[in-house]
Amino acid sequence: MVDMVNNRFRKDMMKNASESKLSKDNLKKRLKEEFQHAMGGVPAWAETNKRKSSSDDESEEDEDDLLQRTGNFVSTSTSLPRGILKMKNCQHANAERPTAARISSVQFHPGAQIVMVAGLDNAVSLFQVDGKTNPKIQSIYLERFPIFKACFSANGEEVLATSTHSKVLYVYDMLAGKLIPVHQVRGLKEKIVRSFEVSPDGSFLLINGIAGYLHLLSMKTKELIGSMKINGRVAASTFSSDSNKVYTSSGDGEVYVWDVNSRKCLNRFVDEGSLYGLSIATSRNGQYVACGSNCGVVNIYNQDSCLQETNPKPIKAIMNLVTGVTSLTFNPTTEILAIASEKMKEAVRLIHLPSCTVFSNFPVIKKKNISHIHTMDFSPRSGYFALGNEKGKALMYR
């Protein structure tokens with residue numbers, strides 16, 4: 001029996017003084033009556049023996065079918081959604097070989113799960129990418145050779161490295177484990193070899209010289225094929241995705257497009273609103289050209305309009321950075337463009353393509369762990385994104 005008098009909720013259910021105690025079944029009935037009185041009848045969901053219509057039977061069958069099999073019912077969309085990018089922090093790529101010197105190059109190997117980290121501490125290090133510990137594979141130390149840029153060859157069998165103040169180009173043969181210095185390229189009159197690009201098909205090496213010269217070398221023999229000359233100085237250059245063209249950003253705000261085979265200038269256009277260029281990148285699918293300027297604006301152009309027009313209009317001008325844009329990288333699927341400025345802390349943004357909108361959740365400004373970024377790269381299937389900063393950390397995100 002349940003006491004009704006001393007409970008303030010049940011007191012109101014008593015119909016007369018004799019109901020000071022009720023059995024559990026009677027209390028259950030009384031609660032039902034109270035509920036139905038409050039609801040104005042029995043609600044539809046409470047009717048157990050209600051006959052279902054034929055349409056309900058069909059949906060019931062569908063539900064049964066749903067419960068019969070296991071698997072993933074939530075299909076992922078084929079293209080990357082805009083707005084918020086799902087990403088998480090991983091262990092630093094170079095955690096097993098800490099350094100305080102600035103990281104000048106971070107690059108993922110085109111075929112293996114390896115990331116290369118090189119910096120001003122004269123070392124090129126290779127790490128296996130697993131996101132948890134990133135074990136070190138090896139380090140190559142180059143005497144008196146602070147690395148300005150290091151880069152894998154297109155097939156991933158060689159590492160090329162240049163220094164901040166030397167004309168030597170080091171080639172490390174990964175299969176043989178040999179370090180080959182290229183002291184002098186015949187016909188190359190540069191005092192310092194610093195900035196260079198490797199063509200996506202692996203046949204050419206482009207060296208950005210002084211006084212507006214670009215030198216095209218054979219990747220196989222490291223011999224000079226020919227040189228090209230622009231007005232002003234060369235700020236940055238890049239190959240098109242098919243390796244047939246070279247885009248060069250100059251120190252006076254113009255972009256030159258060269259044909260690699262004939263080494264003739266195909267077109268020359270003014271980068272809108274730019275006083276002088278700092279960086280340039282082309283997308284892997286051959287659709288976009290991105291030009292970064294000194295004032296923090298990144299202009300995204302259609303590649304076709306860059307080949308035909310002298311004043312092409314950008315698809316979008318990205319104004320999120322306020323200092324000179326020194327690094328630009330497209331991801332392999334051409335869905336993200338990463339932009340960064342080394343002049344200011346936390347100055348990195350990821351841009352969604354084709355909407356040209358910025359992902360709002362990166363970087364996390366409160367954490368302030370990114371600092372000044374000098375280099376960026378996406379892994380070959382865009383599973384990882386790595387950044388190298390001036391504190392010697394190669395940050396990595398999944």
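What counts as what
- Residues numbered from 1 in each chain as written.
- Predicted model: local features only at pLDDT ≥ 70, side-chain atom pairs only at ≥ 80, totals over all residues.
- Heavy atoms only, no water.
- Helix = DSSP H or I, 4+ residues; strand = E, 2+ residues; numbered from the N terminus.
- Expected span 1.5 Å × (residues − 1).
- Pairing = 2+ DSSP bridges.
- Axes fitted to C-alpha atoms, helices over the stretch in contact; angles between N-to-C directions.
- Buried < 20%, exposed > 50% of the residue type's maximum accessible area, 1.4 Å probe, protein only.
- UniProt positions renumbered as here; feature names shortened; annotations may be inferred.

Student: Whenever I open this one, helix 1 (residues 24–39) confuses me. Can you help?
Tutor: Side chains three or four residues apart in an α-helix point the same way, a direct result of the helix having 3.6 residues per turn. Between its terminal C-alpha atoms helix 1 stretches 22 Å, which fits the 22 Å expected from 16 residues at 1.5 Å a residue. Within two residues after helix 1, Gly-40 carries a phi angle of roughly 75°, on the positive side.

Student: Got a minute to help me understand the sheet that holds strand 3 (residues 103–108) in this structure?
Tutor: Two pairing modes exist for strands in a sheet, parallel and antiparallel, and in both the strands are linked by backbone hydrogen bonds. Ordered by their spatial adjacency, 4 strands build an open sheet running 3-4-5-6, and the pairing between neighbours is antiparallel. Among the strands making up the open sheet, the edge pair consists of strand 3 and strand 6 (136–141). The average undirected angle you get between the axes of adjacent strands in this sheet is 15°. Direction of pairing for strand 4 (residues 114–119) relative to strand 5 (residues 123–128): antiparallel, over a ladder of 5 bridges. When the bridges of strand 5 are listed, Ile-114 appears paired with Gln-128.

Student: Teacher, can you tell me more about the pairing of strand 28 (residues 385–389) here?
Tutor: If a strand is regular, its side chains alternate between the two faces of the sheet. A large share of strand 28 lies buried, amounting to 5 of its 5 residues. The pairing of strand 27 (residues 373–378) with strand 28 spans 5 bridges and is antiparallel. Looking across to strand 28, one finds that Thr-375 is bridged to Gly-388. Hairpin connection between strand 27 and strand 28: a loop of 6 residues separates the two successive antiparallel strands, and Ser-382 in this loop has a positive phi of roughly 65°. Pairing analysis gives 4 bridges linking strand 28 to strand 29 (residues 394–397), with the strands arranged antiparallel. Among the inter-strand pairings, Phe-385 is bridged to a residue of strand 29, identified as Tyr-397. With antiparallel pairing between neighbouring strands as the criterion, strand 28 and strand 29 make up a hairpin whose turn holds 4 residues, including Gly-392 at a positive phi of roughly 85°.

Student: Can you help me understand the UniProt feature "repeat: WD" (unreviewed entry) in the protein chain in this one?
Tutor: According to UniProt, the feature "repeat: WD" (unreviewed entry) maps to residues 234–268 in the numbering used here. Helix makes up 0% of residues 234–268 and strand 63%, with an end-to-end C-alpha separation of 14 Å.

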